[in-house]
Amino acid sequence: MIRFSKHFLLGAAGVLVCSMHAAAVDVSARLNLEGNLANGGKDAATRFIELNEQSQRDPDAFVFSIAGENAGGSLSMVWTFTSDEADGNTSGDTTTTDGKADITIRKASVWFKPVPWAKVTVGTLMQHLYLEYMRFWEDASGSKVGSEKWMNYREGSGIDYGDSGAGIALAITPIQPLTIEVAAAPGTSSDSDDTSGAFWTWDGSTATSYLAWGAVAKYSIGDNATVGVAYADNGLHKYKLLSAGFDVGHPFGTPYYFFIQPRFYFGDKHASEIQYYGYSRNNDVDEYALTGIAIDNWFRFNLGEHVVLQARLPFVARLTGDDDDPSYLLYDLECDYNMGKISPYIEINNCNRIYAPLMFGSKDGYTLSDSFAVDIRPGVKFHFASCEVFTGVDVYFGPGLEKSAAATFYSNSNITTIGWRVPFGVTLTL
């Protein structure tokens, strides 16, 4: 059994310190707090002063990074709030302030370069082929629509690992335009089962289990474009994900940027991954088949000196042919008008506060008209030196799609849901 230990990670941190000795380093830190000043809706009591849990959000509560020429590291932590009693909130990961708050580590890693063309990373790993910047944790994967919505922050184009997971990655640049990264994420805990914490286990000469690994390759074409491919193998009898794509432009300092990333999801041919109304990617796959294709994308345009437009329209085509497995479309549009210390903005989507994808099918709850929803979020950001504050109004209109604990995902209750809130956020850069 090959197993990573905490001593190994501590040793890697020691290498980091030694590698950065007497070298010029860049250090940055950021604090963030978000929540709602008020939150209410149709047939719901208005709630005041709620704090967002940041378990899968960006920016995190606290982010620290240090980087030198040949070594570096990063640490991010998240708020976890618990309330003394349930608040009945349907707007997302929020809680009232009558409970308690803790802060826990979400990601921690160190990296070093033994030679200029190679980089070793140890700790929490995230592999991405192409990454949007509106809400990076929402990672379209081609999976069935359900309670888990997107792939969460622990999963990317290359690897998937558990809450306590950690791993090691090697990135090399054999020629200047080409970068290749291979990673394995076995984790470090051993309290769940015999394979946790081991990349490979065997019985004699017969392999019985292996855990997550992945690879990403990206090739630069000039200064303004790249093409790439990535593969995620999430373990023996677990789902597989193949990604390919390209991007043009750069997200900062140029008038445009976009990427298009098809992702091919290999799940169970007999849909055994479906559980109740939700979807579990942890179930074993009995017989592999191409069950879904996601066309992920992101567009950013600078119009003049002040206006910035962002758009993301990921579409998932489901290929199982089942009545309760519709294809679906998500949309997220944002426009910012930068005026120096004040930046008004508006965001329109169906995938952030209320997850209501546009579904394409032939049954109630799976048609375009039955699943249309819109979340409108006008607001303003205030910039004070190293501090940014935002607030606004968030109004949601949508159909009464309700999840049911049966084989189907949604049933149409023929009512209109109306929700609203007044969000706020404070970000301090140190």
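Our structure's up above, just so we're on the same page.
Residues numbered from 1 in each chain as written. Predicted model: local features only at pLDDT ≥ 70, side-chain atom pairs only at ≥ 80, totals over all residues. Heavy atoms only, no water.

Taken together, Ile175, Tyr219, Ile221, Val227 and Phe246 make up a surface patch of nonpolar side chains, about 420 Å² in accessible area. Among the structural elements, Ile175 can be located in strand β8 (residues 167-175). Judged by its relative accessible area of 46%, Ile175 is partly exposed. (Patch = residues over 30% accessible without salt bridge, like charges linked within 9 Å, V, L, I, M, F, W, Y side chains within 5 Å. Areas by Shrake-Rupley, 256 points an atom, 1.4 Å probe, with all protein chains shown as cover. Salt bridge = Lys/Arg side-chain N within 4 Å of Asp/Glu carboxyl O. Helix = DSSP H or I, 4+ residues; strand = E, 2+ residues; numbered from the N terminus. Buried < 20%, exposed > 50% of the residue type's maximum accessible area, 1.4 Å probe, protein only.)

Here the focus is the side chain of Ser109. In this fold, Ser109 is placed in strand β6 (residues 100-115). Residue Ser109 is classed as buried on the basis of its relative accessible area of 15%. Setting aside residues up to four positions removed in sequence, Ser109 forms contacts with Gly73, Ser74, Thr121, Val122, Gly123 and Thr124. (Contact = heavy atoms within 4.5 Å.)

This paragraph deals with the pattern of salt bridges. Taken as a whole and judged by the stated rule, the model has 11 salt bridges. Glu50 is the partner of Arg47 in a salt bridge, and the nearest nitrogen-oxygen pair spans 2.8 Å. Residue Arg47 is classed as buried on the basis of its relative accessible area of 12%. When its relative accessible area of 0% is taken as the criterion, Glu50 is described as buried. Here Arg312 ties to Asp296 by a salt bridge, and the two come within 2.8 Å at their closest N and O atoms. In this pair, Arg312 sits in strand β19 (residues 307-312) while Asp296 sits in strand β18 (residues 288-303), placing the two residues 16 residues apart along the sequence. In this structure Arg312 comes out as buried when scored by relative accessible area, which is 4%.

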